[in-house]
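Residue strings, one per chain:
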Amino acid sequence: MSRLTRSLAHAAATAVVALAATAAQADGLLIGVAAPITGPSARLGAQNRAGAEAGASATSPQATLDIVDDQCSADGGTAAANDFVAAKVNVVVGFLCTESIEAAMPILKGAGLPVITVGVRTNSLTDRKYKTGWPVFRLAPRSDAEGIAVSSMLIELWRNELFAIIDDGTIYGRELAESVRAGAEQEALKPVFVDTYRPELDNQVGLVGRLRRAGATHAFVGGDLDDVAIIGRDAAGIGMTLTLAGGEALRAAPGAVALLPGTLMVGLPDPAEIAKPEALAALKARGTVPDGYVLPAYAGVEVARQALAKAAAGGSVADALGKDPFETALGSIRFDAKGDLSDNPFRMFRYDGRKFEEVGEP
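Residues numbered from 1 in each chain as written. Predicted model: local features only at pLDDT ≥ 70, side-chain atom pairs only at ≥ 80, totals over all residues. Heavy atoms only, no water.

Some details on the pairing of strand E8 (residues 218-222)
Inclusion rule: Relative accessibility decides the category of a residue: with a 1.4 Å probe and only protein chains considered, values under 20% of the type maximum give buried, values over 50% give exposed, and everything between is partly exposed. Helix and strand assignments come from DSSP, with helices taken as H or I runs of at least 4 residues and strands as E runs of at least 2, each series counted from the N terminus. Should DSSP find at least two bridges between two strands, the strands are taken to pair. Looking down the strands as they point away from you, a crossover is right-handed if its path from the first strand over the helix to the second goes clockwise.
Counting buried positions along E8 yields 5 of 5 residues, so the element is predominantly enclosed. Relative to E8, strand E6 (residues 163-167) runs parallel, the two sharing 5 bridges. Bridged to Phe163 within E8 is His218. The sheet contact formed by E8 and strand E9 (residues 243-246) spans 3 bridges and is parallel. Pairing of Phe220 across the sheet is with Ala245, part of E9. Taken together, E8, helix H10 (residues 225-237) and E9 constitute a β-α-β crossover, and its handedness is right-handed.

Examining the sheet that holds strand E10 (residues 264-267)
The test is simple: Only the stretch in contact is used when a helix axis is fitted, and all axes are lines through C-alpha atoms; the angle between N-to-C directions ranges over 0 to 180 degrees. Any two residues whose heavy atoms approach within 4.5 Å are treated as being in contact.
In spatial order, the strands read E7-E6-E8-E9-E10-E13-E14; together these 7 strands make up an open sheet with mixed pairing. In this open sheet, the two strands that pair with only one neighbour each are strand E7 (193-196) and strand E14 (356-358). Across the sheet, the axes of successive neighbouring strands diverge by a mean angle of 25°, strand direction being ignored. Bridging between strand E13 (residues 347-351) and E14 involves 3 bridges; their strand directions are antiparallel. Note that in E14 the partner of Tyr351 across the bridge is Phe356. The sheet strands contacting helix H7 (residues 145-157) are E6, E8, E9, E10 and E13, and the helix crosses E10 at an angle near 145°.

Observations regarding the pattern of salt bridges
The cut-off we apply is this: In the sections that follow, a salt bridge refers to a side-chain nitrogen of Lys or Arg positioned within 4 Å of a carboxyl oxygen of Asp or Glu.
A full pass over the atoms with the stated rule returns 16 salt bridges. Across the pair Arg142 and Asp340 runs a salt bridge, and its minimum N-O distance is 3.0 Å. With a gap of 198 residues between them, Arg142 in the loop between strand E5 (136-138) and H7 and Asp340 in the loop between strand E12 (331-333) and E13 connect regions that are remote in the sequence. Per residue, the accessibility class of Arg142 equals that of Asp340, and both read buried. Between Arg181 and Glu178 there is a salt bridge; the shortest N-O distance is 2.5 Å. Highlighted residues: Arg181 and Glu178, both in helix H8 (residues 171-186), separated by 3 residues, approximately one helical turn. Judged by relative accessible area, Arg181 falls into the partly exposed class, the value being 27%. In this structure, a network of salt bridges that share partners links the residues Asp127, Arg138, Arg142, Asp144, Lys338 and Asp340.

Here's the deal with the confidence of the model for the protein
Stated formally: Scored from 0 to 100, pLDDT reflects the predictor's confidence in each residue.
When the pLDDT values of the protein are averaged, the result is 91; 91% of them are 70 or greater. Below a pLDDT of 50 lies the segment residues 1-26, which in the model reaches 9 contacts outside its immediate sequence neighbourhood of four places, other chains included.

Side note on the environment of Ser316
Our working rule: Under this definition, polar contacts are N or O atom pairs within 3.5 Å; protein pairs additionally need one hydrogen-donor-capable and one acceptor-capable atom, and for neighbouring residues in sequence, both atoms have to be side-chain atoms.
Assignment of secondary structure puts Ser316 in the loop between helix H13 (294-312) and helix H14 (317-321). Of the residues examined, Ser316 reaches a relative accessible area of 32% and is grouped as partly exposed. Spatially, the C-alpha atoms of Ser316 and Gly112 are 9.0 Å apart, while their sequence positions differ by 204 residues. A polar atom in the side chain of Ser316 sits 3.0 Å from the backbone nitrogen of Asp319.

Brief notes about the nonpolar core
This is how it is decided: Among buried residues, those of type Ala, Val, Leu, Ile, Met, Phe, Trp, Tyr and Cys that are joined through side-chain atoms within 4.5 Å constitute a nonpolar core.
The biggest cluster of nonpolar side chains holds 27 residues, and the ones touching the most others in it are Ile31, Val91, Val93, Ile116, Val317, Leu321 and Phe335. If you list the elements that add at least two residues to this core, you get strand E1 (30-35), helix H2 (42-58), strand E3 (91-94), H13 and H14. Those residues in contact with Leu321, other than ones at most four positions away along the chain, are Pro114, Ile116, Phe137, Val303, Ala307, Phe326 and Phe335. Counting 24 residues, the second-largest nonpolar core is a separate cluster that includes Ala164, Leu225, Val228 and Met240.

Some words on H10
Since one α-helical turn is 3.6 residues long, residues separated by three or four positions face the same way. Heads up, the condition is: Expected span, for any helix, means 1.5 Å times one less than how many residues it has.
Here H10 spans 18 Å end to end across 13 residues, near enough to the 18 Å set by a 1.5 Å rise per residue. Along H10, the residues that are buried comprise Leu225, Asp227, Val228, Ala229, Ile230, Ile231, Gly232, Asp234 and Ala235. Summarising the contacts, the buried residues of H10 are in contact with E6, helix H9 (205-214), E8 and E9. In this structure Asp224 caps H10, since a side-chain oxygen of it lies 3.3 Å from the backbone nitrogen of Asp226. Of the residues one or two after H10, Gly239 is the one with positive phi, at around 75°.

Right, here's the structure in full:
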């Protein structure tokens, strides 16, 4: 192929893409997708992209996507926002990182483009909504949603138990433990033992001994999977009956010590386990594994498509996003006045010796 022929072919392809984007925009079906296509978060960006593409194909009529690399950085977020404005997209789905979305939102707000983020949990993103006016809605839970769920579920479940609260001294562990302590105090309940332990030890016999002397039969652990497993092993080793509970950190890959059966976890359900069969079938047909951000991005595009359809009948896309619930591959989704999920997505699970099974709210 000659250089002239290649140039003409490239120009023709570019024209076709431009015409498709223009037609989609005219029909209100052009959705921007922001994902870290390159860089250290590229694997997560690939999940975001694959889910969005599958969701766009599953909508009727199909939506056209403008996929942009936001690099999980402030500069990338700014560039992505400018691209979306230039392309005249109707709504944006994606953004996994706080840096990129915070840089993008002033630009997108100026263009009247709402954003459905599938991965950013930072509380301030929506807490400042009345001040910033950013039209942002999130499918990811808020950063404080885990602590709220842990506190409410465990306090109700352990109201009549002798419970302890311990943490590993990390920010994550301390914050979760403090949520449980504050929840107990609000209900006029007092733990029999509160302590910060040293993490990553080969054994926690000393800690377990202190728990037994305090009379604890239940303990919340603000720590990681390995520590919780070791505490459970050492408690069983001295014949102590101790029910342990932790946060979503317990979903990590198992280590050398097995988690004690009966251990409770307050965490997020696996999207692949709660997704609608037709969505899983659509992903399977495309050869897409439904892990990570695949299904959240799929659902994000579904929400965007439904909001666009509602806006076509009158009003803005942002107004539509803040009203009725949306039916998605992950079930019914509704946003509150700030743009957060109206329902806390965290659930309680019990480890059965092989996997975590949902036990429902107490």
